[in-house]
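# Structural features, examined
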Amino acid sequence: MGCRAPWDPHRFRIMPADREGRVVVAINRNFDVVVVGGGIAGSVLAGVLARAGFGVLVVEKETRFRDRVRGEAVFPWGAAEVRRLGLRDLLARADAVEFWAKQRYDDRRPVATPAWETPGIAVSHPRLQEEAFVWAGEQGVTALRPARAVAFARENGIPRVSVVAGDRETEIRARLVVGADGKLAGTRRWADGRTEADREHHRMGGVAATGVVLDRTRVSYAWTPGVAVNWFAQGVETSRLYLVTSAARLRESGADRSFDGVKAFLAPFMPEGALVDAQQAGPIGYYPNNDVWASRIAGDGIVLVGDAAGAPDPSQGHGISLLFRDVRELSELLLSERDWHLATAEFAARRERTFAVLRGFDRWCALLWFEDGPESERRREGYARAAQADPTQGGFARLEPCGPDGLIADEATRRRYFGEDLA
């Protein structure tokens, strides 16, 4: 049974979030849900709830989303979440492209790689952010942009958010506040939590480019101990070039400073001529590759989603898939559970279980692929033996197409993954 009151169209001035970043101020300061952060997670969740009849306000601080060289691959398990949410048209609006496998290259030549049964999706992150923000407005979301949510409090059990837009500060009341403000979310302290993180192990980054010759139906990669490169179409005209290695190697190569440095780093891994006509089409950027998460996901009248709840290591590429799962699971719980405290607590429990699987896998991959030396080589030899004994690697070899459901990243599974339990 639904948990919301009948929708009254006169309660709010509903104005679509436009592409010019204008400020829209609500007449009534009462909403069902206030979402702090209008990126992909915040806007999609807001739009899904608004189309179901909730009054939703999104507070977004940026006038326009910028390319931060991040999360653009949605693996098949994440694409399945997109379909369940009914958002395929939104991805099409962002010029998303389908890919059907991760294609490995050795010595600049493709290795035989089976296709998945269903495709993944690659998309420009800032393009999808903008399209999701506009789409949310079309579903009836009220938007404040640019604006900042500066304070959170509870009065008689009712959450209140202080929002600054221009020179005006407004206090907004809501049944629920959703923190969707990214990897270093300030809303974590509103949930009485803190930011926790694994140590930085390596770095990942790169640049958007045009003119790259590539197989647009596959996400391609190559690897050597301590280094990985990745390239794929991210839209109709552009491609993404990624590098994964240590901060020291990036500095030594010059790939952190120039497009020529990026191409010089990538060229020995990619097919001959793939970068001859390549042109830079965005900023060059790199970031630490570690898991960062909130110590508490749900509190009294507040819940965190997307990277605010927990961001997995970007080099394994599961962040956007996890984001869409967050939206689907939280929205279903809010729509079906009258007690939103119970709904958000259940969401937090599910989210923590899922993130534990992804975090465990991220840590194993960091040890396996991005370290060099005798100990690392022994790990890879054990991994190869384990893969021969069990090609599914306890289900983790199917993580990209099938997702984390049913997997447990405990010590017994880790030993099996690295072949330590083999005689």
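This is a predicted model, so every value here is computed, not measured.

Attention shifts here to the nonpolar core. Counting 54 residues, the largest nonpolar core has Val44, Val56 and Phe324 as its most contacted members. With eight residues, helix α1 (residues 40-51) is the single largest residue contributor to this core. When sequence neighbours within four positions are dropped, the list of residues in contact with valine 56 reads Phe31, Val33, Val35, Ala46, Leu49, Ala50, Val141 and Thr142. Listed in part, the 33 residues of the second largest apolar core include Trp116, Ala228, Trp293 and Tyr417.

Below, the discussion takes up the packing of helix α7 (residues 319-336) against helix α8 (residues 340-369). Between α7 and α8, whose axes approach to 9 Å, the crossing angle comes to 155 degrees. Comparing their axes, α8 and α7 come out roughly antiparallel. Taken as a pair, α7 and α8 cross one another with a handedness that is right-handed. Between α7, through Leu322, Arg325, Asp326, Glu329, Leu330, Leu333 and Leu334, and α8, the contact on the second element is made entirely by Trp340, Ala343, Thr344, Glu346, Phe347, Arg350, Arg351, Thr354, Phe355 and Leu358. Along the lines of polarity and charge, the residues of the contact of α7 with α8 split into nine nonpolar, two polar and six charged.

With that settled, consider the confidence of the model for the chain. For the chain, the mean per-residue pLDDT works out to 92, and 93% of the residues sit at or above 70. The low-confidence segment residues 1-27 (pLDDT under 50) makes 68 contacts with residues lying over four places distant or belonging to another chain.

Look at the link from arginine 145 to proline 146: it is a cis peptide, with omega at -5 degrees. Looking at the element boundaries, proline 146 is found in the loop between β8 (142-144) and β9 (148-155). A positive phi is found at valine 69, a non-glycine position, where the angle reads about 55 degrees. Tracing the backbone through its elements, the reader meets valine 69 in the loop between β2 (56-59) and β3 (73-74). With a phi angle near 50 degrees, aspartate 107 is a residue other than glycine that sits in the positive phi range. As for its placement among the helices and strands, aspartate 107 is situated in the loop between β5 (102-106) and β6 (109-110). Among the residues examined, aspartate 107 registers a relative accessible area of 67% and is labelled exposed.

For the rest of this paragraph, the subject is the packing of α8 against helix α9 (residues 374-389). The geometry of α8 relative to α9 is characterised by a closest axis approach of 8 Å and an angle of 115 degrees between their N-to-C directions. Across the interface between the two elements, Leu367, Leu368 and Trp369 from α8 touch Ser376, Arg379, Arg380 and Tyr383 from α9. Here the contact of α8 with α9 is composed, by residue class, of four nonpolar, one polar and two charged.

Summed over the entire model, instances satisfying the criterion amount to 18 aromatic pairs. Taking 5.2 Å as the distance between ring centres and 50 degrees as the angle between the ring planes, the aromatic pair formed by tyrosine 105 and tryptophan 231 counts as tilted. With tyrosine 105 in strand β5 and tryptophan 231 in strand β15 (residues 227-233), this residue pair connects regions lying 126 residues apart in the sequence. Ring centres 6.2 Å apart and planes at 80 degrees place the aromatic pair phenylalanine 361 and tyrosine 417 in the edge-to-face group. Here phenylalanine 361, found in helix α8, pairs with tyrosine 417, found in helix α11 (residues 411-417); they are 56 residues apart in sequence, far enough to count as distant. There is no split in this pair, since phenylalanine 361 and tyrosine 417 are both buried. Grouped by ring-pair contacts, the aromatic residues Trp223, Phe361, Trp364, Trp369, Tyr383, Phe396, Tyr417 and Phe418 constitute a single cluster. Against the face of tyrosine 221 rests lysine 102, its NZ or CZ located 4.9 Å from the ring centre. The ring of phenylalanine 65 has arginine 145 lying over it, and the distance from NZ or CZ to the ring centre is 4.7 Å.

Each disulfide consists of a covalent bond between the sulfur atoms of two cysteine residues. Within the structure shown, the criterion is met by zero disulfides. Free of any disulfide, cysteine 365 has its nearest cysteine sulfur in cysteine 402, 16 Å distant. The class for cysteine 365 is buried, based on a relative accessible area of 2%. Take cysteine 402: its relative accessible area is 44%, and that puts it in the partly exposed class.

What follows concerns the pairing of β9. As defined by bridge partners, β9 adjoins strand β10 (residues 158-165) across seven bridges and the pair is classed as antiparallel. Across the sheet, glutamate 155 pairs through a bridge with isoleucine 158, a residue of β10. Remark: two residues form the turn of the hairpin made by β9 and β10, two consecutive strands paired antiparallel; asparagine 156 in that turn has positive phi of roughly 55 degrees.

Rules behind the numbers
- Residues numbered from 1 in each chain as written.
- Predicted model: local features only at pLDDT ≥ 70, side-chain atom pairs only at ≥ 80, totals over all residues.
- Heavy atoms only, no water.
- Core = buried A, V, L, I, M, F, W, Y, C linked by side-chain atoms within 4.5 Å.
- Buried < 20%, exposed > 50% of the residue type's maximum accessible area, 1.4 Å probe, protein only.
- Helix = DSSP H or I, 4+ residues; strand = E, 2+ residues; numbered from the N terminus.
- Contact = heavy atoms within 4.5 Å.
- Axes fitted to C-alpha atoms, helices over the stretch in contact; angles between N-to-C directions.
- Parallel < 35°, antiparallel > 145°, perpendicular 65-115°, else oblique.
- Left-handed = near helix turned anticlockwise from the far one by under 90°.
- Nonpolar A, V, L, I, M, F, W, Y, C, P; charged D, E, K, R; others polar.
- pLDDT = per-residue confidence, 0-100.
- Phe/Tyr/Trp six-rings, centres within 6.5 Å; stacked < 30°, edge-to-face > 60°.
- Lys NZ or Arg CZ within 6 Å of the ring centre and 35° of its normal.
- Disulfide = S-S within 2.5 Å.
- Pairing = 2+ DSSP bridges.

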